[in-house]
Amino acid sequence: MNKILKAGLIAVSMVAFSGGAFADEAKDIKKGAKMFKKKCTACHTMDKGGKAKVGPNLFGIMGKKIATTEGYKYSTAMKKFGEGDKVWDEATLSEYLKKPAKLVKGTKMSFSGIKKDKKRNRLLAYLKTLSDAK
Ligand code: HEC
């Protein structure tokens, strides 16, 4: 096979591969959105500037400083957990949502958690979309 043809084939297969990854991500986000609706909207809104329910609004939660939604009364446990300007990144959100009361002892979020990594990752993929930076 000549070199140019080979390089062309590699380029084409790379495009096809990343296209597949995008499709998977879109599927994850869709499934995550469904999960959010089922498991989280009883206590949380997710639209920009949305009001607090039992829990705080979650727009822009990925990368946001912990326990900093204006006007929401967090538990002492959550405020302590966020001390030192800690932010919700993928790792902390994943650990929290696996078992909230384990990571933040004394949190007033009464939710047992999502045990399966795969499911949590879908939810995280969705939470990432709740942002202005798309
Ligand atoms: C039964 C009500 C309830 C459910 C269901 C619930 N939460 Fe919460 N959530 C809360 C409360 C209350 C808090 C405030 C916790 C505190 O101050 O200790 C909170 C806090 C949070 C925080 C921290 C917010 C911040 O501003 O630092 C995140 C993130 C979060 N919840 C995500 C979720 C997700 C995702 C789901 C669905 C899988 C969910 N919650 C389900 C009640 C709930």
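Look up: the structure comes first, before these words.
My aim in this report is to walk through the structure given alongside it, one point at a time.

The rules behind the values
- Here, residues in each chain are numbered from 1, in the same order as that chain's written sequence.
- Local features in a predicted model are, by the rule used here, given only for residues with pLDDT of at least 70; side-chain atom pairs are given and counted only at 80 or more, and totals for whole chains, interfaces and linings are based on all residues.
- Neither water nor hydrogens contribute to the side-chain values; these are computed over all heavy atoms in the structure.
- For this purpose, a residue is taken to be near a molecule or strand whenever a single non-hydrogen atom of the residue falls within 4 Å of it.
- Under the rule applied, a polar contact is a pair of N or O atoms within 3.5 Å (in protein, one hydrogen donor and one hydrogen acceptor; residues adjacent in sequence only if both atoms are side-chain atoms).
- Strands here are runs of E lasting at least two residues and helices are runs of H or I lasting at least four, both read from the DSSP assignment and numbered beginning at the N terminus.
- The residue classification treats Ala, Val, Leu, Ile, Met, Phe, Trp, Tyr, Cys and Pro as nonpolar and Asp, Glu, Lys and Arg as charged. All others, Gly included, are polar.
- Each metal's donors are the N, O and S atoms found within 2.8 Å of it, except that Na, K and Ca use a 3.2 Å limit; water is left out, so coordination can look incomplete.
- Four donors are marked tetrahedral only if all angles between them lie between 85 and 135 degrees, whereas four are marked square planar and six octahedral if opposite donors are more than 155 degrees apart and the other angles lie between 65 and 115; the remainder are marked irregular.
- Exposure is judged per residue with a 1.4 Å probe applied to protein chains only, and the accessible area is read against the type maximum: over 50% gives exposed, under 20% gives buried, and values in between give partly exposed.
- Here the nonpolar core consists of buried residues drawn from Ala, Val, Leu, Ile, Met, Phe, Trp, Tyr and Cys, with membership extended through side-chain atoms lying within 4.5 Å.
- In this description, contact between two residues means that some pair of their heavy atoms is separated by no more than 4.5 Å.
- Each patch is built from residues that are more than 30% exposed by relative accessible area and take part in no salt bridge. Like charges join if they lie within 9 Å; nonpolar side chains (Val, Leu, Ile, Met, Phe, Trp, Tyr) join within 5 Å.
- Per-residue and other accessible areas follow the Shrake-Rupley method at a 1.4 Å probe size, with only the shown protein chains counted as cover for residues.
- In what follows, salt bridge is the name for a side-chain nitrogen of Lys or Arg lying within 4 Å of a carboxyl oxygen of Asp or Glu.
- Positive charges are assigned to Lys and Arg, negative charges to Asp and Glu, while His and the chain termini are left out of the count.
- To locate a charge, take atom NZ for lysine, CZ for arginine, CG for aspartate or CD for glutamate.
- Only Phe, Tyr and Trp rings take part, Trp by its six-membered ring, and two of them pair if their centres are within 6.5 Å. Stacked means planes under 30 degrees apart, edge-to-face means over 60, and tilted covers everything else.
- In this analysis the charged atom, NZ for Lys or CZ for Arg, is taken to sit over a ring once it is within 6 Å of the ring centre and within 35 degrees of the ring normal.

### Concerning the site of the ligand
- As a structural note, the neighbourhood of the ligand is formed by 26 residues, with Cys40, Cys43, His44, Ser75 and Met109 the closest of them.
- Taking Trp88, its side chain carries an N or O atom lying 2.8 Å from an oxygen atom of the ligand.
- Residue contributions to the shell around the ligand peak at 3 residues, all from helix H3 (residues 90-98).
- The residue inventory of the shell around the ligand, partitioned by class, reads 19 nonpolar, 5 polar and 2 charged.

### Brief notes about the coordination of the iron atom of the ligand
- Within the first shell, the iron atom of the ligand binds the protein through His44 (NE2) and Met109 (SD), at distances of 2.0 to 2.1 Å.
- Seen from the iron atom of the ligand, its 6 donor atoms lie at angles of 85 to 180°, and the figure they make is octahedral. Taken together, the residues His44 in the loop between helix H1 (3-39) and helix H2 (76-81) and Met109 in the loop between helix H4 (100-103) and helix H5 (117-128) connect sequence positions 65 residues apart.
- Judged by relative accessible area, which is 24%, Met109 ranks as partly exposed.

### What about the nonpolar core?
- Residues Phe36, Met78, Trp88 and Leu127 are the most contacted members of the largest nonpolar core, which totals 23 residues.
- Mapped by element, the contributors of at least two residues to this core are H1, H2, H3 and H5.
- With 4 residues, the top contributor of residues to this core is H5.
- Among residues more than four places away in sequence, those in contact with Met78 are Ile66, Ala67, Trp88, Tyr96, Val104 and Thr107.

### Side note on a positive patch on the surface
- The grouping of Lys27, Lys30, Lys31, Lys34, Lys38, Lys39, Lys116, Lys118 and Lys119 at the surface amounts to a positive patch.
- Only H1 and H5 provide two or more residues apiece to the positive patch.
- Ranked by residue count, the leading element in the positive patch is H1, at 6 residues.
- The residue Lys116 is located in the loop between H4 and H5 in this model.

### Brief notes about the packing of aromatic side chains
- Going through the model one piece at a time under the given rule, you end up with 4 aromatic pairs.
- Between Trp88 and Tyr96, the aromatic rings sit 5.0 Å apart at their centres with planes inclined by 40°, giving tilted as the arrangement.
- On the basis of relative accessible area, Trp88 is assigned to the buried category, the value being 6%.
- When its relative accessible area of 6% is taken as the criterion, Tyr96 is described as buried.
- Connected via pairs of aromatic rings, a cluster forms that spans Phe81, Trp88 and Tyr96.
- The ring of Phe81 carries the charged tip of Lys86 above its face, separated from the ring centre by 3.8 Å.

### Notes on the pattern of salt bridges
- Taken as a whole and assessed by the stated rule, the structure comprises 5 salt bridges.
- The closest approach of N and O atoms between Lys48 and Asp132, which form a salt bridge, is 2.8 Å. Highlighted residues: Lys48 in the loop between H1 and H2 and Asp132 in the segment after H5, separated in sequence by 84 residues.
- Its relative accessible area of 57% is what places Lys48 among the exposed residues.
- One salt bridge connects Asp117 with Arg120, and the closest N-O pair in it is separated by 2.8 Å. In this pair, Asp117 and Arg120 are both assigned in helix H5, 3 residues apart and thus about one turn of the helix distant.

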